[in-house]
Amino acid sequence: MARILIVEDEERISSFIAKGLRADGHVPTVVADGPTGLDLALSGDHDLMVLDIGLPGMDGFEVLDQLRAQGSRMPVVVLTARDSVGDTVSALEGGADDYMSKPFRFAELQARIRLRLRQTGGAAPGAEDVLEAGGVRLDLRTRRASVDGADVELSAREFTLAEIFMRNAGQVLSREQLLDHVWGFDFDPGSNVVDVYVGYLRRKLGSDTILTVRGMGYRFAT
Ligand code: CA
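Residues numbered from 1 in each chain as written. Predicted model: local features only at pLDDT ≥ 70, side-chain atom pairs only at ≥ 80, totals over all residues. Heavy atoms only, no water.

As for the coordination of the calcium ion
Surrounding the calcium ion are the protein donor atoms D9 (OD), D52 (OD) and G54 (O), which sit 2.1 to 2.3 Å from the metal. Spacing between the donor residues of the calcium ion along their common chain follows D-x42-D-x1-G. With D9 in the loop between β1 (3-7) and α1 (11-23) and G54 in the loop between β3 (48-52) and α3 (60-69), this residue pair connects regions lying 45 residues apart in the sequence. When its relative accessible area of 37% is taken as the criterion, D9 is described as partly exposed. (Donors = N, O, S within 2.8 Å, 3.2 Å for Na, K, Ca; no water. Helix = DSSP H or I, 4+ residues; strand = E, 2+ residues; numbered from the N terminus. Buried < 20%, exposed > 50% of the residue type's maximum accessible area, 1.4 Å probe, protein only.)

Encoded structure:
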């Protein structure tokens, strides 16, 4: 569990990130402007900050400058819609540890957050390297999967989907949660891609590993 500060003024994006972090067992705090973000970052109550660049009050570059100027070494992952090299470089020179350009999939952000927390020794629930449930085993470092000891080939998407199911084994996950996590917030919510991929996973991991919960979503059997 890590306490993660999200400084982002677009509600759609901050709630997307907060939802994903909660599903991962983290405790997110969302603020929507630069000065409040800086204030909370300096409080020392958070393990990591996800920081947007375009913010009211004070932009992300300035938040970062002031944070570092005051001696904070809190890990910061910058979010930016501006994917130009110049902005990215100035963000990194300004003391960001990593950046993501929007739009992004939650899984990409999750991977960066996990890495930063691990580097700073923060306790991340996602820091374990192997997930096991119902005979299925995922090795998160080698990205290998097996069922009852036999290797199974999963595509990157299938692996990411299997990972969120297994992190939340026994819990119902909605199509929307799965879509956000694996495909990103800009993906067409009317798409049936989740159902298609659940079908792929059932074929590879066993037809009874992922249960359909009518009207709600899917649940990984434990
Ligand atoms: Ca913004």
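Considerations on the pattern of salt bridges
Inspection of the entire model under this criterion finds 18 salt bridges. Between K19 and D180 there is a salt bridge, and its shortest N-O distance comes to 3.0 Å. Taken together, the positions of K19 in helix α1 and D180 in helix α7 (residues 175-183) put the pair 161 residues apart, joining distant regions of the chain. Among the residues examined, D180 registers a relative accessible area of 15% and is labelled buried. For the salt bridge of E158 with K204, the shortest nitrogen-to-oxygen distance reads 2.7 Å. With a gap of 46 residues between them, E158 in helix α6 (residues 156-167) and K204 in helix α8 (residues 193-205) connect regions that are remote in the sequence. What emerges from the salt-bridge pattern is a single network uniting E8, E10, R12, D52 and K102. (Salt bridge = Lys/Arg side-chain N within 4 Å of Asp/Glu carboxyl O.)

Regarding the nonpolar core
L138, L154, L161 and F165 are the most contacted members of the largest nonpolar core, which totals 29 residues. Counting residues per element, the ones that place at least two in this core are β6 (130-133), β7 (136-139), β8 (144-147), α6, α7, α8 and β12 (217-220). Residues contacting L138, with those up to four places away along its chain left out, are D129, V130, L131, R144, A145, L154, F159, A162, E163 and M166. (Core = buried A, V, L, I, M, F, W, Y, C linked by side-chain atoms within 4.5 Å. Contact = heavy atoms within 4.5 Å.)

A look at the domain arrangement of the protein chain
Partitioning the protein chain into domains gives domain 1 (3-120) and domain 2 (130-220). Of the roughly 1200 Å² buried between domain 1 and domain 2, counting both surfaces, carbon and sulfur atoms make up 52%. At the boundary of domain 1 with domain 2, the tally comes to 3 salt bridges. Where domain 1 packs against domain 2, one counts 6 residue pairs in polar contact (both at pLDDT 80 or more). A class-by-class count of the residues in the side of domain 1 that touches domain 2 yields 7 nonpolar, 1 polar and 5 charged. (Domains from an automatic or database assignment. Buried area = accessible area lost by both parts, 1.4 Å probe. Polar contact = N/O pair within 3.5 Å; in protein donor to acceptor, adjacent residues only side chain to side chain. Nonpolar A, V, L, I, M, F, W, Y, C, P; charged D, E, K, R; others polar.)

Examining α3
Looking only at α3, the buried set comprises G60, F61, V63, L64 and L67. The buried residues of α3 occupy an angular sector of 160° when projected down its axis, which confines them to one face. Sitting at the head of α3, D59 places a side-chain oxygen 3.1 Å from the backbone nitrogen of F61. (Arc of directions from axis to C-beta.)

A closer look at the sheet that holds strand β4 (residues 76-80)
The parallel open sheet is built from 5 strands, whose spatial order is β2-β1-β3-β4-β5. The sheet is open, and its two borders are formed by β2 (27-31) and β5 (98-101), each paired with just one other strand. Each strand axis lies, on average, 20° off the axis of its neighbour in the sheet, ignoring direction. Where β1 meets β3, 4 bridges bridge the pair, whose relative direction is parallel. Looking at β3, one finds that I6 is bridged to V50. (Pairing = 2+ DSSP bridges. Axes fitted to C-alpha atoms, helices over the stretch in contact; angles between N-to-C directions.)

Thoughts on the packing of aromatic side chains
By the definition in use, this model includes 5 aromatic pairs. Ring plane angle 55° and centroid distance 5.9 Å describe the contact between F16 and F104, whose orientation is recorded as tilted. Within this pair, whereas F16 is found in helix α1, its partner F104 is found in the loop between β5 and α5 (106-119), the two being separated by 88 residues in sequence. Ring centres of F165 and F220 lie 6.4 Å apart, and the angle between their planes is 35°; this geometry places the pair in the tilted category. On the criterion of sequence distance, the pair formed by F165 in helix α6 and F220 in strand β12 is long-range, its members being 55 residues apart. A residue is classified by how much of its surface remains accessible, and F220, at 1% relative accessible area, is buried. Members of the aromatic cluster, connected to one another through ring pairs, are F16, F104 and F106. (Phe/Tyr/Trp six-rings, centres within 6.5 Å; stacked < 30°, edge-to-face > 60°.)

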